[in-house]
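Understanding the architecture of this molecule
Each chain is listed here by its residues.
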Amino acid sequence: MGELSPVILLPSPPPSTALRQRWGEGSLLRAFHDRGLALLLLPLPAESLRAAARRLARQVLREVIGGLLALPAEAVPLIEGPQGPVLEGAARDIRISLSYAGGWALIGLAEGRALGVDLVRIERLPEVEALARLYLPSASRHAVLDAPAGMRDARFAQGWAEMEARSKCLGLPLAEISAERELILERCELMACGQVEGYRIAVAV
Amino acid sequence: MVLRGPHRPDFLLNETLPDILEATAARLPDKTALEFGEHALSYAQLNALADRVASALIGLGVRSGQRLGLWLPRGLDLLVAQAGISKAGAAWLPFDADTPVARIEVCLDDAGSPGLLTCRALLPLLEAFARPVWALEDLLEAAPAGEPLARRDADFTPDSPAYVIYTSGSTGKPKGIEVSQRSITHFLRSENAVLGVRAEDRVYQGFSVAFDMSFEEIWISYLAGATLWLAPRHVVGDPHALPEVLETNRISVLHAVPTLLALFPRDVAGLRLINLGGEMCPQALVERWATPQRQLFNTYGPTEATVSASLAELHRGEPVTIGKPLPNYGLLVVDGELNQLPPGETGELCIIGPGVAQGYLGRPDLTAEKFVPNPYAVGEHEARLYHTGDLARIDASGNVQCLGRVDDQVKIRGFRVELGEIEAVLAKEPGVGTAAVVIRELGGVEQLVACYVAETGAAPKAAGLRMSLAAQLPPYMVPAHFEAAQVLPRLTSGKVDRKALRLLPLMVTITAAEGESDIPEGNAEEALFEALGHLFPGQALLRGADFFGDLGGHSLLAARLVSLLRADPRFASVTVHDIYCERSLGAIATVLAQKELSVPEGEVAPEIVETPRLRRVLCSLAQAATLPPLVCLKMAQWLSPFFTYHYFTGDEGDSMWRAILAALLVYLLANLGSFLFAIVAKWLVLGRAQAGRYPLWGVMYFRWWLADRIAEVPPRHLLSGSSLNALYLRALGAKIGRDTIIGALSIRAPDLLCIGDGVSIGSSVNLENARVERGELVLGPINIGNEAVVDSYAVMEGDSAIGDYGQLGGLSSLAAGQQVPAGEVWEGAPSRFSRRAEIASRRPRPHVSANRAAWEALFYFFGAGLVAVVFFLPVFPSFILIDWLDVRWLKEVDAMRSPLNAFFTYLLLSIPASAVLVLATVLASAGFRWLVLPRLKAGSWPVHGRVYFSKWLGNQIQEASLFVLHGLYATVYAPWWYRLLGARVGRGTEISTALGVVPDMLTIGADSFVADGVMLGDERIEGGWMHLRPTLIGDRSFLGNGAFVPDGSVLPDDVLIGVQSRVPENARMHSGDTWVGNPPIILPAREQFEGFDPALTFHPSLPRRLSRGLVEGLRIVMPMAVVIAVGYLTVALVMPLAAAGRFVDTALALALAGFLYGAGSFLFVVLIKWLVIGRYRPRSAPMWTPFVWASEAVTNLYESIAVPNFVDFLRGTPMLPPCMRLLGCKTGKGVYMDTTFVTEFDCVNIGDYAALNGWCGPQTHLFEDRIMKIGAVHIGRGVTVGPRSIILYSARVGDGASLGPLTLVLKGEDIPPGSRWTGSPAEPWVN
């Protein structure tokens, strides 16, 4: 695990001007400048549609990056890449990773390095053991299989979030685990970070 | 600000749709206008038929300005009817073929239509129809060709209506939008001024005529005079079939909705223009489809503004917008007060210009609301302004970005829907009181949900409501869920509180959803639907539903689905990749069905055949007895001239020139004799083989094996590509037709090969008509029909055939039982129908007389002899050097007294001699290449001509020099070697053993990597013509082992072609792509091997370069030094016998020496392997490190000394597995190995009684991103591996599994026990 990365909780709904003033000069800017990494947790309106959540996350992304770059939100060169939004031009060094689960959107920003974030809701999955065997690297797999019944779901959520964050960071599609994939997934580093109750967050760089 | 398109008054004409069609029919009467299946209509025919329809309609009382219903299935008749209505002066009101009759009636009533034009087949559905119905067939009969025809009346003007299209209406009644002739004809000219559809284009017609994007397909084609290809109904919605269909029909222009294009599994060659519209275009589509060779457009516009109002040309890396207005159109963004907003501000988008419709039929209030006077008008065409209801803003570049809907219109799967219309229909249902429809996310996907309150008593059942609404509304407007509620939440205003409704808990049950789901058919669908039922309880499961888009699946749900399916042993091979690739439930079920393992319940794996030990031992003894003569026969080819030279030298007065001539003569005779020996021995040992199954290790097996080994003694490469090859194969028992061209070929049972006249067979083709499976040798016939083509690197098994003029593509496989029908081209592994062979367009086969053929045979005979001599000559300088050193300083070497001491002394002497040999061979190649052969040019050349002969000689240089220069490949010197032969190779590029290279045609960029056995730009021969095209590999590209690069390929930079994969068509490749398999599929992301110092991968330091150069220099020189040293030792030991005239003893001694050399070579490699490497273990090592150089050196020693001199003879014997164990492999009992393709020996595990057929191999390492990655391969008990199959590292093949020919098992794959897999990449093998 690498250094601790703070999770910055955003207000909901995010007022754009206030956001820029509050976070442009505040903790987000500091976190980003100090560590080259920032995590933003955005509460979504209840029962929001997937498309609406995506739009909202992108709107926030524009506002936040606009604050970082001292640009109006609409001038932020944000485009849709094959694996999510990316910045272009001079801002392309800022890497973005997004994840949605339940009532939250998780936004990760990193400067000059690949990044993957994932957010998983802890829930009871009947096939959790089979899933762990099929998809998780050995350490996470054993953590799930060896866990007491009450902790198994949380361990799985943690393992899944870590695997997905690593995959996103490396640009890999989801696939069944193999010795080869396991070795590759280890090529990026997991960061310790704050958590939200009922969810697991993982960040890989 | 008002964004205005270019001002083009020349598009504002007084014209109508009939004018446009008639003008094109007059200008291009014979040009094909429409194609549908086997039928086609020229513009003159279309115009004439439409005139007859118009005449009949006029005869029935249809007049200008009337609106006629149009309801026909897809086809020529529909478009004839459409044009006919227009020519009658009327407007058409189109309906989809599956529109409910009730909705047609509502719309016709609303439009005050005089009747419906349909076809006879639909008449039974219209028996109760209230207004007149006319069948097209009747109209055409009523106005026969040649009769005087009635014409439209004078009231028909450009202001007459052209068509009416109905969209969903908020009051419950659909609303009709009427567009004038003037608006639509202006639109056609305006949009095509930007799109640029041309008369030469072939345009795909897939839209329903009820969707106004069909104007872009149909009427822009009519305007341009292009040919419209009408897609059959079953093709229209099938994205998997469309790429093939579009290519086969040479479509150059495609109009589509983004959703459809996104589902295309691959690119479409020949498509020069794509126009998207109807819904938002995702950025990913732009990245995939906008290429330098193709224009990609995004159009935007509501029906109210006549099809489209703006258009953007999309480019990669640029954000998607709806662009700028079309010529004469205008766009503006306004606030609620109709004030213009500046760029960057979001507001409602409004449209102005000649496309703005008059309004809604019979809806003055709604028209007044949406179509308002334009306060910013600067001309008569801008008098009115249309409120689109879309949110938008103008960006800094003046492009418009669309941001969604203002009002409560919603889009469901691309369709615009007014929720009020559905509510109104629902509220009319018996028993329903009030009703509200909302869109909400259920199970992660947006769906229409209808909530209703019962009028009195029990609420109506959802199933009945669904059925009733389905009869009245288009499918996309039928809610996915019906929820009966006690009361609907309301706002204080009394309106339904839609927000509260979206939060209302639903009482949906699985049972309810089951009633709405498709009924699963077959094992695969049953298993899939059952698993989905667990994951998406309460959701309707429809075959057409998209797992991600419709059901709301995401990565974890996909993983859970796979886990649930794999719990059933029949579907143990499904992967999450399948879910991502297929997406729709129907397609996933199809893949499941294909992958379903045919393992009867309770039976885990088929029986593993254990061959009897006694039979194995007896066969082994018999094979061992033949080994010495076999090995020494091979040795004789170089040992005999070696001995001859030294027999005639060494004494005072001996003539060196006489010795050289004698040695050359002996060398040529030995080579020629080996061919004669192979022919005679084959007939003596095997006779004529019969097809059938024979016990492994039995008598017949032994005879076949011996004949097969003997066949490898002669230097077959001398005959490849020449007419002598056919003569030799005939002598071995094959039936070969006239005028065939056969390249380097392996044939395992020549008696069972039948090749017709004019056949072309490319390089390195394997005709594997003998294979071992489950304890049996299977011999089967291979038949190749007249004028057929087998492209390079293909594999055919026994019991396969190609019909006359049939073709098997490069790197394609034809397994036992498969046949390519006459005139078809099959490609892929496993091969499947690809297209019809283009026989008609073939150039005539060049004629060759009998005399000419005889002269050519002589040319090839002497050419082969010349090449053999030229490449044997370099041994003499090395002999002279050793003799000179020997005489001067080492006269005292006494081989008889101390052979070992003598050997090492000679080895020392041989190192400089070997360097001289290598250098002299390189110089001989260069001299031959640049002094004798002309530079080849791209083009088509007859195979009976100078250019072909020249290319053949060029190939011979590469082949003949291999004996000496084998060690040069895969070293830092390899690029220099290829440059010397004429290829252009960039800096930092690594090349291993490339095959089929035509150096003059090859360009490789910098820092690229060509792995072992890549077929690189081989020429193609068909119908007596050789086609040469330049092949270009970009910078930093990677070609995996056994990849196939067809000539003419142009690889962009940074492209990765996987192991045993075919390079796709040029148009499909983009920089950064990864392609795997055949047919090649693109992988979304590839492993990134990062974290290694670039100094060890791409940018090595000078000391590392020098070190590697030194190690590899030794690696090139040492094998030849060993050969020479052994030769000298042999001469020293045997010469006294010859000098004493004991020639029989001399021959026996030479034979013994040859055998000892072979066996000794193998033991030497074993020793070196353990000393230098020790045990191989899974690891990763950058290329520029000593471990990699040492490993490559050991592999090279194994391949250049141990394999040709000894191990190759052990193929197919029970002795090979124990030898492999000496090198570190773990092999079980009774293993059959017909291959020597093993590298990291310790990483190979082969179970008992496994059978590894010809040229297959476990590949325990890969070089990717200049990192050597080593891993283990496990092959289970009783596994059968087909010819030329590759199993990549970290893969396991379960007990009893079978792999077909040319199968590629990917890294980390787990092949379940007892299953059958084939293809590249491996997929379940279904017969």
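Residues numbered from 1 in each chain as written. Chains lettered and ligands numbered in written order. Predicted model: local features only at pLDDT ≥ 70, side-chain atom pairs only at ≥ 80, totals over all residues. Heavy atoms only, no water.

1. Looking at the overall build of chain B
- Scanning chain B for helices and strands turns up 33 helices and 77 strands.
- Within chain B, the proportion of its 1327 residues that are buried is 61%.
- Within the structure as shown, chain B displays about 50200 Å² of accessible surface, and the carbon and sulfur contribution to it stands at 60%. (Helix = DSSP H or I, 4+ residues; strand = E, 2+ residues; numbered from the N terminus. Buried < 20%, exposed > 50% of the residue type's maximum accessible area, 1.4 Å probe, protein only. Areas by Shrake-Rupley, 256 points an atom, 1.4 Å probe, with all protein chains shown as cover.)

2. Some details on the sheet that holds strand β68 (residues 1267-1270) of chain B
All names here are of chain B.
- Here we have three strands laid out as an open sheet, ordered β61-β68-β67, and antiparallel in their pairing. Each end of this open sheet is capped by a strand with a single partner; those strands are β61 (1179-1182) and β67 (1261-1264). Neighbour-to-neighbour, the strand axes of this sheet turn through a mean angle of 20°, independent of strand direction.
- On the sheet, helix α32 (residues 1186-1210) packs against β61, β67 and β68 and is oriented at approximately 65° with respect to β68. (Pairing = 2+ DSSP bridges. Axes fitted to C-alpha atoms, helices over the stretch in contact; angles between N-to-C directions. Contact = heavy atoms within 4.5 Å.)

3. Looking at the packing of helix α4 (residues 128-135) of chain A against helix α6 (residues 152-170) of chain A
All names here are of chain A.
- One can describe the packing of α4 onto α6 by two numbers: an axis separation of 11 Å at closest approach and a directional angle of 25°. In terms of axis orientation, α4 runs roughly parallel to α6. As α4 packs across α6, the resulting crossing turns out to be left-handed. Contacts between α4 and α6 pair Val128, Glu129, Leu131, Ala132 and Tyr135 from the former with Arg152, Phe156, Trp160 and Met163 from the latter.
- Its residues placed into classes, the contact of α4 with α6 shows seven nonpolar, no polar and two charged. (Parallel < 35°, antiparallel > 145°, perpendicular 65-115°, else oblique. Left-handed = near helix turned anticlockwise from the far one by under 90°. Nonpolar A, V, L, I, M, F, W, Y, C, P; charged D, E, K, R; others polar.)

4. Quick look at the side chain of Gln956 of chain B
All names here are of chain B.
- With respect to the element layout, Gln956 can be found in helix α28 (residues 946-965).
- On the basis of relative accessibility, which here comes to 2%, the residue Gln956 falls in the buried class.
- A polar contact is formed between the side chain of Gln956 and the backbone oxygen of His717, at a distance of 3.1 Å.
- The residues contacting Gln956, other than those within four sequence positions of it, are His717, Leu718, Ser720, Val867 and Ser961. (Polar contact = N/O pair within 3.5 Å; in protein donor to acceptor, adjacent residues only side chain to side chain.)

5. Quick notes on empty space enclosed by the protein
Residues and elements named next belong to chain B.
- For the structure shown, the criterion picks out four cavities of 30 Å³ or more.
- Considering the residues around the largest cavity, the lining is formed by 15 residues, among which Arg929, Leu933, Leu936, Gly954 and Pro999 are closest to the centre.
- Classifying every residue of the lining of the largest cavity by side-chain character gives eight nonpolar, four polar and three charged. (1 Å grid on protein atoms, 1.4 Å probe; cavity = no way out; pocket = protein on both sides within 12 Å on 5 of 7 lines; lining within 4 Å. Points joined across faces, edges and corners; volume = space filled by probe spheres on them.)

6. Notes on the environment of Val947 of chain B
All names here are of chain B.
- Along the chain, Val947 falls in helix α28.
- We classify Val947 as buried; its relative accessible area is 13%.
- Each C-alpha atom of the pair Val947 and Leu936 lies 7.2 Å from the other, and the pair is eleven residues apart in sequence.
- Discounting chain neighbours no more than four positions away, the residues touching Val947 are Leu936, Trp941, Met1026 and Leu1028.

7. A short note on the packing of aromatic side chains
All names here are of chain B.
- For the coordinates displayed, the defined rule picks out 43 aromatic pairs over all chains.
- When the ring of Phe642 is compared with that of Phe879, the centres are 4.6 Å apart and the planes differ by 75°; the resulting orientation is edge-to-face. Within this pair, whereas Phe642 is found in helix α21 (residues 613-647), its partner Phe879 is found in helix α26 (residues 875-889), the two being separated by 237 residues in sequence. The exposure classification of Phe642 matches that of Phe879, with both residues buried.
- On the numbers, 5.3 Å between centres and 90° between planes, the contact of Phe675 with Tyr728 is edge-to-face. With Phe675 in helix α22 (residues 656-685) and Tyr728 in helix α24 (residues 724-731), this pair connects stretches of sequence that are 53 residues apart. When sorted by exposure, Phe675 lands in the same class as Tyr728, which is buried.
- Grouping aromatic residues by their ring pairs yields a cluster made of Phe642, Tyr645, Tyr667, Phe872, Phe876, Phe879, Tyr906 and Tyr1128.
- If you follow Arg979 out to its NZ or CZ, it ends over the ring of Trp976, 4.5 Å from the centre.
- Geometry around Trp1184 places Arg1108 over its ring, the cationic atom sitting 4.5 Å from the centre. (Phe/Tyr/Trp six-rings, centres within 6.5 Å; stacked < 30°, edge-to-face > 60°. Lys NZ or Arg CZ within 6 Å of the ring centre and 35° of its normal.)

8. A word on the nonpolar core
Residue and element names in this part refer to chain B.
- Counting 191 residues, the largest nonpolar core has Tyr701, Leu779, Leu1016 and Met1220 as its most contacted members.
- Among residues more than four places away in sequence, those in contact with Leu779 are Ala689, Gln690, Ala691, Gly692, Tyr694, Met700, Trp704, Ala749, Leu752, Asn769 and Ala770.
- Within the second largest apolar cluster, 100 residues are counted, among which are Leu34, Ile58, Phe129 and Cys402. (Core = buried A, V, L, I, M, F, W, Y, C linked by side-chain atoms within 4.5 Å.)

9. Notes on the sheet that holds strand β35 (residues 776-779) of chain B
All names here are of chain B.
- With antiparallel pairing, three strands are arranged side by side in an open sheet as β27-β35-β34. Where the open sheet ends on each side, the last strands, each with one partner, are β27 (692-695) and β34 (770-773). Each strand axis lies, on average, 25° off the axis of its neighbour in the sheet, ignoring direction.
- Where β27 and β35 come together, four bridges link them in antiparallel fashion. If you follow Tyr694 over to β35, its bridge partner there is Leu777.
- Those strands touched by helix α23 (residues 699-710) are β27, β34 and β35, and its axis lies near 60° from that of β35.

10. Description of a nonpolar patch on the surface
Residues and elements named next belong to chain B.
- Taken together, Leu672, Leu676, Trp855, Leu858, Phe861 and Phe862 make up a surface patch of nonpolar side chains, about 670 Å² in accessible area.
- When residues of the nonpolar patch are traced back to their parent elements, those giving at least two are α22 and α25 (850-870).
- For the nonpolar patch, the element with the highest residue contribution is α25, accounting for four residues.
- Locating Phe862 in the fold gives a position in helix α25. (Patch = residues over 30% accessible without salt bridge, like charges linked within 9 Å, V, L, I, M, F, W, Y side chains within 5 Å. Salt bridge = Lys/Arg side-chain N within 4 Å of Asp/Glu carboxyl O.)

11. Overview of the environment of Leu706 of chain B
All names here are of chain B.
- Within the secondary structure layout, Leu706 lies in helix α23.
- Given a relative accessible area of 11%, Leu706 falls into the buried group.
- As a C-alpha pair, Leu706 and Leu627 span 79 residues in sequence and 9.6 Å in three-dimensional space.
- Those residues within four positions of Leu706 in sequence are excluded, and the remaining contacts are Thr626, Leu630 and Val685.

12. Re the pattern of salt bridges
All names here are of chain B.
- With the rule as written, the count across this model stands at 60 salt bridges over all chains.
- Residue Arg1036 pairs with Asp1054 through a salt bridge whose shortest N-O separation is 3.1 Å. Linking Arg1036 in the loop between β54 (1031-1033) and β55 (1038-1039) with Asp1054 in the loop between β57 (1050-1051) and β58 (1056-1057), this pair joins segments that are 18 residues apart in sequence.
- Using a relative accessible area of 38% as the deciding quantity, one classes Arg1036 as partly exposed.
- The exposure class of Asp1054 is partly exposed, given its relative accessible area of 24%.
- Note that Lys1169 is salt-bridged to Asp1242, the shortest N-O span being 2.7 Å.

13. Quick look at helix α2 (residues 43-59) of chain B
Residues and elements named next belong to chain B.
- For α2, spanning 17 residues, the distance from its first C-alpha to its last is 24 Å, which sits close to the expected 24 Å at 1.5 Å a residue.
- For α2, a buried count of 13 out of 17 residues is recorded, marking the element as mostly surrounded by other parts of the structure.
- Downstream of α2 by one or two residues, Gly61 has phi in the positive range, about 100°. (Expected span 1.5 Å × (residues − 1).)

14. Some details on unusual backbone geometry
Residues and elements named next belong to chain B.
- Residue Pro830 is bonded to the preceding Ala829 through a cis peptide linkage, with omega at 0°.
- Along the chain, Pro830 turns up in the loop between β43 (824-827) and β44 (832-836).
- A cis geometry characterises the amide bond from Asn1078 onward to Pro1079, with omega recorded as 5°.
- Along the chain, Pro1079 turns up in the loop between β59 (1074-1076) and β60 (1081-1082).

15. Quick notes on the confidence of the model for chain B
- Overall, the predicted model of chain B reaches an average pLDDT of 86, with 93% of residues at or above 70.
- A low-confidence stretch, residues 600-604 of chain B (pLDDT under 50), is modelled with three contacts involving residues beyond four sequence positions or located in other chains. (pLDDT = per-residue confidence, 0-100.)

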